[in-house]
Amino acid sequence: MLVHSRTGRWTAWALFAVLFVPLFALPLLVIVAASFSTHWSGAFPSGPTTAHYTAAVRGESLQALTTSLVTAVTASLVALTVGTWAALASAAMGRRGRRILDALFMLPVAVPSVVVGLAVLVAFSQPPVLLNGTRWIVILAHTVLVTAFAHQSVSAAVRRLDPMYEQAAAGLGARPSYVLLRVRLPLLLPSLNAAAGLCFALSMGELSATMMLYPPDWLPLPVLIFTATDRGSLFTGSALAVILMAATLLALLAVSRIRTRASFR
């Protein structure tokens with residue numbers, strides 16, 4: 001909403017501060033403060049230390065971060081490929097077919113992620129496709145959960161594309177594969193980058209389905225954070241949470257720079 005008066009702008013900023021600081025900023029700041037602390041003093045953590053970060057960047061913690069990054073990157077790439085293909089296919093369908101395809105891809109989002117985890121566990125715990133106890137069942141569950149977001153993001157971009165560019169390329173004799181690779185996909189690149197960043201962030205923070213599926217040798221960082229806090233290691237869990245946030249934000253910033261450059265091409 002546009003606010004043109006000075007009083008209205010100040011009121012809007014004050015309302016934003018009142019809502020944002022206690023609901024979003026303050027909890028995150030408490031986590032950051034706890035990651036540098038050894039104990040609680042009243043309502044706030046105290047006892048400054050960096051020992052939690054020293055432990056968080058080695059051994060099991062570092063392996064968990066690597067596991068989360070590999071899982072998120074793999075799931076995001078597969079989800080982006082499948083979601084883009086489905087978005088391009090649905091654009092060529094009629095309205096009824098498009099609605100059915102959209103509903104199928106949105107189904108995993110319409111149910112709790114723990115239900116998706118249980119469904120994947122039941123479906124792939126028996127031959128001929130036996131994935132239970134392997135890293136692939138975790139990656140598959142993450143892919144199922146984030147593909148819907150990739151599909152919706154790319155579908156919205158496909159619907160906004162100006163068909164003039166494709167018609168001009170086809171009129172000049174370009175083959176359909178050339179039009180797809182050299183015209184449509186480059187025009188969709190900003191949306192593809194945004195979808196990839198969203199899928200990556202969602203996969204990095206996924207916990208419910210992962211708790212049901214992860215094998216002992218494939219422990220993602222959110223599960224390690226949960227187990228640490230569940231054992232009472234609040235400050236260690238806070239340091240791990242800050243590392244998870246930092247890794248996710250750095251990846252999103254990298255994707256944002258790629259998207260910005262693509263927007264000016």
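What counts and how
- Residues numbered from 1 in each chain as written.
- Predicted model: local features only at pLDDT ≥ 70, side-chain atom pairs only at ≥ 80, totals over all residues.
- Heavy atoms only, no water.
- Patch = residues over 30% accessible without salt bridge, like charges linked within 9 Å, V, L, I, M, F, W, Y side chains within 5 Å.
- Areas by Shrake-Rupley, 256 points an atom, 1.4 Å probe, with all protein chains shown as cover.
- Salt bridge = Lys/Arg side-chain N within 4 Å of Asp/Glu carboxyl O.
- Helix = DSSP H or I, 4+ residues; strand = E, 2+ residues; numbered from the N terminus.
- Buried < 20%, exposed > 50% of the residue type's maximum accessible area, 1.4 Å probe, protein only.
- Lys, Arg positive; Asp, Glu negative; His and termini not counted.
- Contact = heavy atoms within 4.5 Å.
- Domains from an automatic or database assignment.
- Buried area = accessible area lost by both parts, 1.4 Å probe.
- Nonpolar A, V, L, I, M, F, W, Y, C, P; charged D, E, K, R; others polar.

Trainee: In this structure, what is going on with a nonpolar patch on the surface? I would like to understand it.
Mentor: A surface patch of nonpolar side chains, amounting to about 1200 Å² of accessible area, comprises Trp-13, Leu-15, Phe-16, Val-18, Leu-19, Phe-20, Val-21, Leu-23, Phe-24, Leu-26 and Leu-29. Relative to the helices and strands, Leu-19 is located in helix α1 (residues 6–35). For Leu-19, a relative accessible area of 45% gives the class partly exposed.

Trainee: Could you clarify how one ought to interpret the side chain of Glu-206 in this entry?
Mentor: Among the structural elements, Glu-206 can be located in the loop between α8 (176–205) and α9 (208–213). Despite its burial, Glu-206 pairs with no opposite charge, the nearest such side chain being Arg-135 at 18 Å. In this structure Glu-206 touches Ser-113, His-142, Leu-145 and Pro-222, once residues within four positions along its chain are discounted.

Trainee: How should the domain arrangement of the protein be read in this particular structure?
Mentor: Interface extent is often summarised as the accessible area lost during association of the parts. Under the domain assignment used here, the protein contains domain 1 (6–49) and domain 2 (59–264). The distance between the C-alpha centroids of domain 1 and domain 2 comes to 30 Å. For the pair domain 1 and domain 2, the summed buried area comes to about 620 Å², and 81% of that belongs to carbon and sulfur atoms. Three residues, Ile-31, Ser-35 and Trp-40, lead the burial of domain 1 against domain 2; their summed loss comes to 53% of the area buried on that side. Across the domain 1-domain 2 interface, the total number found is zero salt bridges. For the side of domain 1 that touches domain 2, the element with the highest residue contribution is α1, accounting for five residues. A breakdown of the residues in the side of domain 1 that touches domain 2 according to their chemical character gives six nonpolar, four polar and no charged.

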